[in-house]
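Listed below are the residues making up each chain.
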Amino acid sequence: MTSFTSLDTLVFLIYFVAISAYGIWIYWSKKRSSGKATHDFFLAEGSLTWWAIGASLIASNISAEQFIGMSGAGFRIGMAIAVYELMAAATLVIVAVFFMPIYLKNRIYTMPQFLEQRYGPAVAATMAVFWLGLYVVVNLTAILYLGALAISSIAGLNVLACMLFLAVFATVITLGGMKVIGYTDVIQVLCLVIGGLVTTWIALDLVAALAGGQGAVRGLSELYLRAGEHFNMVLTRDDPNYMDLPGMSTIIGGMLIVNLNYWGCNQYIVQRALGANLHTARKGLLFAAFLKLLMPVIVVLPGIAAYALDKSGTLGDAMRPGGELNPDRAYPTLLALLPAGLKGLAFAALVAAVVASLAGKANSVATIFTLDVYNKHVNRAASEQRMVWIGRISVVAAMAIAVLLAPLLGIDKKGGFQYIQEYTGFVSPGILAMFLLGFYWRKTTAAAAMFATIGGLVFSVFLKFLPMVMDLGFLAPIGFAVNNGAGSYEIPFLDRMLIVFVMVVIGMVLLSTTAQRDGSNKRMVIDRSMFRVDRGFAVGSVVIFIVLVAIYGGW
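What counts and how
Residues numbered from 1 in each chain as written. Predicted model: local features only at pLDDT ≥ 70, side-chain atom pairs only at ≥ 80, totals over all residues. Heavy atoms only, no water. Core = buried A, V, L, I, M, F, W, Y, C linked by side-chain atoms within 4.5 Å. Buried < 20%, exposed > 50% of the residue type's maximum accessible area, 1.4 Å probe, protein only. Contact = heavy atoms within 4.5 Å. Phe/Tyr/Trp six-rings, centres within 6.5 Å; stacked < 30°, edge-to-face > 60°. Helix = DSSP H or I, 4+ residues; strand = E, 2+ residues; numbered from the N terminus. pLDDT = per-residue confidence, 0-100. 1 Å grid on protein atoms, 1.4 Å probe; cavity = no way out; pocket = protein on both sides within 12 Å on 5 of 7 lines; lining within 4 Å. Points joined across faces, edges and corners; volume = space filled by probe spheres on them. Nonpolar A, V, L, I, M, F, W, Y, C, P; charged D, E, K, R; others polar. Expected span 1.5 Å × (residues − 1). Patch = residues over 30% accessible without salt bridge, like charges linked within 9 Å, V, L, I, M, F, W, Y side chains within 5 Å. Areas by Shrake-Rupley, 256 points an atom, 1.4 Å probe, with all protein chains shown as cover. Salt bridge = Lys/Arg side-chain N within 4 Å of Asp/Glu carboxyl O. Axes fitted to C-alpha atoms, helices over the stretch in contact; angles between N-to-C directions. Parallel < 35°, antiparallel > 145°, perpendicular 65-115°, else oblique. Left-handed = near helix turned anticlockwise from the far one by under 90°. Bend = angle between axes of the 7 residues up to and from the residue.

**Description of the nonpolar core**
- Ranked by internal contacts, the top residues of the largest apolar core, which has 181 residues, are Met100, Tyr103, Leu115, Trp131 and Phe435.
- Once residues within four sequence positions are removed from consideration, methionine 100 is found in contact with Val95, Val270, Ala273, Leu274, Leu278, Ala281 and Leu285.

Here it is, written out as structure tokens:
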């Protein structure tokens, strides 16, 4: 294994200087043509192109938990974990057609704004506080800490120093506003894709060398021979990882809940397209969907390659720090095998992914806090400049809180990807139900929305701990319960989300049809013409679904 050389440092510095200079240039060039200050800072209204929107979506989504966590899951489970990326491609098309027109037609700029407009201020205020807590305590801390751990293991730097570097770098970019974030994300994605593909290529070449060959194509063939079981796309009930990915639920069940909530009801993600017109927003989402199809090659395949290399003894004890196998060591271990120069490129890709995600999340925190908390509950008469200033202060505060909390939460012990999924999964079904019924069923009441917020969490916690007081073995024959090895049966995480979603929808319908409506909620402006798409988008969408059918049908 090679150490981090001066050439690697030079490559990384070139990336750092390039992204910094480009960000400064974007800030000053766009500032001359700025419009309304708050829309400019929080949304980059009208200035992001479709390719900048698509690139920013991917840069904000792919971070340390994908590089480290997904590669680790690829090592442990195999290509089946790629369902998170592949189904996201299909979900982006759905969001572009059925969610984005409603947001833009009704001039929605934040998710709490939608809730206030549809259900009233009580629901909006509750969810604004919830989202701020979730973004800072769960998402920012996990992204920051996992990114610092990865960088520390590669460059040999102190974890706290790495956290401070990432936090400061991301904060500086965020303070420039959404325009700077959106356009610098284009370079971030370029680094992410090129660096990720280089790492995958080298990993496959190492696998090819096990059989005396060379090249990525030969390596992929050899990898399939040595780890064929890792290429199953849908796991059967007897698979030891069925609890994580329960068969067809990964395609038509709980996974749909996960993705629709993440890509359609998430300020962090939707914000990138809210400042554009519908045509541009849809093209950006479609571009992101195509990039998503590439992600399994970048974040999952290296983990499977590491599995084959570890199985052959090539990696020695690198995957077993302290004598215990740790699948999340897969990606850092592969980076350590890269030659000088290429390691710096791959390192830049990892930093780009972490910084882009931190910047996007921090901007969303600033947007919700400033527009939905400060401007509505603290200072309604605040000027445009004052709100931008408050937004920048909230960015610094959120990042400082994340730096202080991250080392205390035991994120590395839980596994980063699992950490984020565990805590967001308790509330995702209720949030999605609240949005979908708010969009398409005019009778949905504020009481029903509040029930979704609280009831979804209560149902999720109830089903999580139900196996402690009740034998769920009767659900095993239909795949909705799995023996956890400790003598009891648990409902797989994704199945639990589907069950909770159905329960919440039923509860919302009952409350909305039986309770008296107070008239405080308003119906969204919707007409059928909003959902029509142009020919180019339709063709691109068909291509996406054909690729997905080919992948799952052929495998």
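**A closer look at the packing of aromatic side chains**
- Taken as a whole, this structure holds 22 aromatic pairs when the rule is applied.
- The interplanar angle of 85° and the centroid separation of 6.1 Å between the aromatic rings of phenylalanine 435 and phenylalanine 439 together place this pair among those described as edge-to-face. With a gap of four residues between them, phenylalanine 435 and phenylalanine 439 both fall in helix α21 (residues 428-440), about one helical turn apart.
- For phenylalanine 439, a relative accessible area of 4% puts it in the buried group.
- The rings of Phe98, Phe99, Tyr103, Phe114, Trp131, Phe435, Phe439, Tyr440 and Phe531 are connected pair by pair, giving a single aromatic cluster.

**Quick word on the environment of valine 482**
- As for its position among the elements, valine 482 is in strand β1 (residues 482-483).
- With a relative accessible area of 15%, valine 482 lands in the buried category.
- In this structure the C-alpha to C-alpha distance between valine 482 and aspartate 238, which are 244 residues apart in sequence, comes to 9.3 Å.
- Here valine 482 is in contact with Tyr242, Met243, Ser488, Tyr489, Glu490 and Pro492, once residues within four sequence places are set aside.

**Overview of the confidence of the model for the protein chain**
- Confidence in the prediction for the protein chain averages 84 pLDDT; 91% of positions are at 70 or higher.
- Mean pLDDT across the secondary structure elements of the protein chain bottoms out at helix α19 (residues 411-414), with 56, and peaks at helix α5 (residues 83-98), with 94.

**A short note on empty space enclosed by the protein**
- Overall, the coordinates contain three cavities of 30 Å³ or more when judged by the stated rule.
- Of the volumes computed, that of the second largest cavity is approximately 50 Å³.
- Looking at the lining of the second largest cavity, the elements with two or more residues in it are α7 (111-119), α8 (121-155) and α17 (342-378).
- The leading source of residues in the lining of the second largest cavity is α8, at four residues.
- When the residues that make up the lining of the second largest cavity are grouped by side-chain class, the tally is five nonpolar, one polar and three charged.

**Structural notes on helix α18 (residues 384-405)**
- Taking 1.5 Å of rise per residue, 22 residues should cover 32 Å, and α18 covers 32 Å from first to last C-alpha, within 8% of that figure.
- Listed in full, the buried residues belonging to α18 are Met387, Val388, Ile390, Gly391, Ser394, Val395, Ala398, Met399, Ala402 and Val403.

**So, a nonpolar patch on the surface**
- Taken together, the side chains of Leu457, Val461, Phe465, Met468, Val469, Met470 and Phe474 define a hydrophobic patch exposed on the protein surface, amounting to about 730 Å² of accessible area.
- On the basis of relative accessibility, which here comes to 34%, the residue valine 461 falls in the partly exposed class.

**A look at the side chain of glutamate 85**
- Tracing the backbone through its elements, the reader meets glutamate 85 in helix α5.
- For glutamate 85, the contacting residues outside a window of four places in its chain are Asn61, Ile62, Gln66, Met70, Lys292, Met295 and Pro296.

**A short note on unusual backbone geometry**
- We note that arginine 107 has phi near 55°; this positive angle belongs to a residue other than glycine.
- Here arginine 107 is to be found in the loop between α6 (100-105) and α7.

**Comments concerning the packing of α21 against helix α23 (residues 493-514)**
- Contact geometry for α21 and α23: axes closest at 8 Å, N-to-C directions at 45°. Classified by the angle between their axes, α21 and α23 sit oblique to one another. Note that α21 runs across α23; the crossing there is right-handed. Where α21 approaches α23, its residues Ser428, Pro429, Gly430, Leu432, Ala433, Met434, Leu436 and Leu437 are matched on the opposing element by Met497, Val500, Phe501, Val504, Val505, Met508 and Val509.
- By residue class, the composition of the contact of α21 with α23 is 13 nonpolar, two polar and no charged.

**Some thoughts on the pattern of salt bridges**
- The tally for this structure, following the rule as stated, stands at six salt bridges.
- Between arginine 76 and aspartate 244 there is a salt bridge; the shortest N-O distance is 3.1 Å. Of this pair, arginine 76 sits in helix α4 (residues 64-76) while aspartate 244 sits in the loop between α11 (216-226) and α12 (249-252); the two residues are 168 residues apart in sequence, bridging distant segments of the chain.
- Judged by relative accessible area, arginine 76 falls into the partly exposed class, the value being 32%.
- Put simply, lysine 292 and glutamate 85 hold a salt bridge, and the shortest N to O gap is 2.4 Å. In this pair, lysine 292 is assigned in helix α15 (residues 278-312) and glutamate 85 in helix α5, connecting sequence segments 207 residues apart.
- Overlapping salt bridges bring together Glu116, Asp372 and Lys376 as one network.

**Digging into helix α22 (residues 446-465)**
- The end-to-end C-alpha distance of α22 is 29 Å, a good match for the 28 Å that 20 residues give at a rise of 1.5 Å each.
- Where α22 bends most, at isoleucine 454, the angle is about 30°.
- Among the residues of α22, Ala446, Ala448, Ala449, Ala452, Thr453, Gly455, Gly456, Ser460 and Leu463 are the ones counted as buried.

**Focus on the environment of alanine 82**
- Structurally, alanine 82 can be placed in the loop between α4 and α5.
- Take alanine 82: its relative accessible area is 0%, and that puts it in the buried class.
- For the pair alanine 82 and valine 300, spaced 218 residues apart in the sequence, the C-alpha separation amounts to 6.6 Å.
- When residues no more than four places from it in sequence are discounted, the contact partners of alanine 82 are Pro296 and Val300.

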